[in-house]
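An overview of the molecular structure
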Amino acid sequence: MLWPEKLWMISGFWCFGAIPPFFFAFAFQRALNSYFEPPLDEQYVDRMSPVPPVTETFVDLTDSLSGSSVTATVKEVERGLQEDDSTLSLITWNIDGLDLSNLQERARGVCSYIALYSPDVVFLQEVVPPYLNYLQKRAVSYTIIPGNTEAYFTAIMLKKSRVRVLKHEITPFPTTSMMRNLLEVHATVSGNELCFMTSHLESTKTHAEERLNQLKLVLKKMSEMPASTTVIFGGDTNLRDKEVAKLGGLPSNILDIWEFLGKPEHCHYTWDTSQNTNLNARYKCKLRFDRLLLRAASTGGQIIPQSLDLIGLEKLDCGKFPSDHWGLLCNFDVVL
């Protein structure tokens, strides 16, 4: 059971606290053991602790956007963008809110990319309460729906001018040990019915069985949606290719967008310690943790993937990338 956190604001600073010393010591030791144990295959990847290692930490996410090298022309670019009903754009990104180092500038960096590309929909994973508060204050042109409001969680952002939200649902994963769930938002875009889904599937190699159980639930939910609804799932799946193969691959009516687009090499790996130095990792590992899945509608308009690119590849002024994951930017054609 997680000890409840307290979150309050003092003099403009968000504060975490009231975590008992024995609990933090346990979580910290667990994280150290996970990170420094001898490597075996992908064992070095399994650094994730199921509880956020924070205590009495002050994080200010409320001041201006100045200070990031990415932000210079964001507002001008955003003002120049025109709405196009024939396209749909989406970003999915694990923003690593659990890493408190340079969190202020990294949060600004993420917001700068969102403003720069002005996606219609954004899937976020590893959001923490101060980050959510910051997004709610800054991203006023988006409806933001979180999958939780405690510890760390997912969120979906939907551009108010493009996406009409109908309802949302949160489905807990019944056997998770890491507070994971499935967040889905039902909406319409240009007259098309869509269901947007995001999740952060169970982390680490040792939790592969639970991760596959969660994937099965996701695929079942996608398949059960009405035939007139296009379903887009995206998030940090933590999947290894051999795990998907163990299931016999994806159902015939659900496609992996990266594979559908011809497996472009430039956006193959979304977690790459050979290029992303945020973890200062001694090991080099490349994995396609972050994925996008599509179940097309069998009637009505069609949402067709056209391109996929990595974002967040530029270091910020603090010397870090916005996250230890690259984000994925996907563009679709909307065919009525």
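What counts, and at which threshold
Residues numbered from 1 in each chain as written. Predicted model: local features only at pLDDT ≥ 70, side-chain atom pairs only at ≥ 80, totals over all residues. Heavy atoms only, no water. Helix = DSSP H or I, 4+ residues; strand = E, 2+ residues; numbered from the N terminus. Buried < 20%, exposed > 50% of the residue type's maximum accessible area, 1.4 Å probe, protein only. Contact = heavy atoms within 4.5 Å. Areas by Shrake-Rupley, 256 points an atom, 1.4 Å probe, with all protein chains shown as cover. Expected span 1.5 Å × (residues − 1). Phe/Tyr/Trp six-rings, centres within 6.5 Å; stacked < 30°, edge-to-face > 60°. Axes fitted to C-alpha atoms, helices over the stretch in contact; angles between N-to-C directions. Parallel < 35°, antiparallel > 145°, perpendicular 65-115°, else oblique. Left-handed = near helix turned anticlockwise from the far one by under 90°. Nonpolar A, V, L, I, M, F, W, Y, C, P; charged D, E, K, R; others polar. 1 Å grid on protein atoms, 1.4 Å probe; cavity = no way out; pocket = protein on both sides within 12 Å on 5 of 7 lines; lining within 4 Å. Points joined across faces, edges and corners; volume = space filled by probe spheres on them. Pairing = 2+ DSSP bridges. pLDDT = per-residue confidence, 0-100.

Let us now look at the overall build of the protein chain. Check the secondary structure of the protein chain and you find seven helices and 17 strands. Within the protein chain, buried positions represent 55% of all 336 residues. Put simply, 72% of the contacts in the protein chain that link residues at least 6 apart link residues at least 24 apart. Of the roughly 14600 Å² of accessible surface on the protein chain, a fraction of 56% belongs to carbon and sulfur atoms.

In this model, helix 5 (residues 208-224) (17 residues) spans 24 Å end to end at C-alpha, consistent with the 24 Å of a helix rising 1.5 Å per residue. Along helix 5, the positions that sit buried rather than exposed are A208, E210, R211, L212, Q214, L215, V218, L219, K221 and M222.

On inspection of all chains with the given rule, the structure shows six aromatic pairs. Considering the side-chain rings of W93 and Y113, the 5.8 Å spacing of their centres and the 75° angle between planes classify their relative orientation as edge-to-face. Of this pair, W93 sits in strand 4 (residues 87-94) while Y113 is found in helix 3 (residues 103-117), placing the two residues 20 residues apart along the sequence. Each member of the pair, W93 as well as Y113, is classed as buried. Ring centres 5.0 Å apart and planes at 85° place the aromatic pair F321 and W326 in the edge-to-face group. The exposure classification of F321 matches that of W326, with both residues buried. Members of the aromatic cluster, joined through ring pairs, are W93, Y113 and Y117.

The next thing to look at is the packing of helix 3 against helix 4 (residues 129-138). As a packed pair, helix 3 and helix 4 sit with axes 11 Å apart at the nearest point and diverge in direction by 40°. The angle between helix 3 and helix 4 falls in the class oblique. In this structure, helix 3 crosses over helix 4, and the sense of that crossing is right-handed. Together, L103, R106, A107, R108, V110 and C111 of helix 3 and Y131, Y134 and L135 of helix 4 make up the contact between the two elements. Looking at the contact of helix 3 with helix 4 residue by residue, the class counts come to seven nonpolar, no polar and two charged.

Its location among the elements puts F123 in strand 5 (residues 121-127). Taking C-alpha positions, F123 is 9.7 Å from G327, a pair spaced 204 residues apart along the chain.

To continue, consider empty space enclosed by the protein. Counted by the stated rule, this structure contains three cavities of 30 Å³ or more. Size it by volume and the largest cavity reaches roughly 80 Å³. Per-class residue counts for the lining of the largest cavity are three nonpolar, four polar and two charged. Here the second largest cavity is characterised by a volume of approximately 50 Å³. What lines the second largest cavity is D256, W258, C267, T270, R288, D290, R291, L292, L308 and L328. Partitioned by chemical class, the residues of the lining of the second largest cavity number five nonpolar, one polar and four charged.

This part takes up the sheet that holds strand 7 (residues 153-159). Two strands in a sheet stick together by hydrogen bonds in their backbones, pointing the same way (parallel) or opposite ways (antiparallel). Within the open sheet, the six strands sit side by side as 6-7-5-4-17-16. Their pairing is mixed. The two strands at the open ends of the sheet, each matched to only one other strand, are strand 6 (142-146) and strand 16 (302-311). Averaged over all pairs of adjacent strands, the angle between their axes in this sheet comes to 20°, without regard to strand direction. Direction of pairing for strand 16 relative to strand 17 (residues 327-335): antiparallel, over a ladder of nine bridges. Along strand 17, the bridge assignment pairs I311 with G327. Sheet strands in contact with helix 3 are strand 4, strand 5, strand 6, strand 7, strand 16 and strand 17, and its direction is about 170° off that of strand 4. Of the strands in this sheet, strand 5, strand 6 and strand 7 touch helix 4, which is tilted by about 160° from strand 6.

Glancing now at the sheet that holds strand 12 (residues 255-256). Strand order in the open sheet made by the six strands is 8-9-10-11-15-12, with mixed pairing throughout. Of all strands in the sheet, those bounded by a partner on one side alone are strand 8 (163-172) and strand 12. As paired elements, strand 10 (residues 192-200) and strand 11 (residues 229-236) share eight bridges and run parallel to each other. Bridging across to strand 11, T198 finds its partner in G234.

Below, the discussion takes up the confidence of the model for the protein chain. When pLDDT is averaged along the protein chain, the result is 83; 76% of the residues meet or exceed 70. Low confidence marks residues 1-60, where pLDDT is under 50. Its contacts with residues over four positions away, or in another chain, come to 117 contacts.

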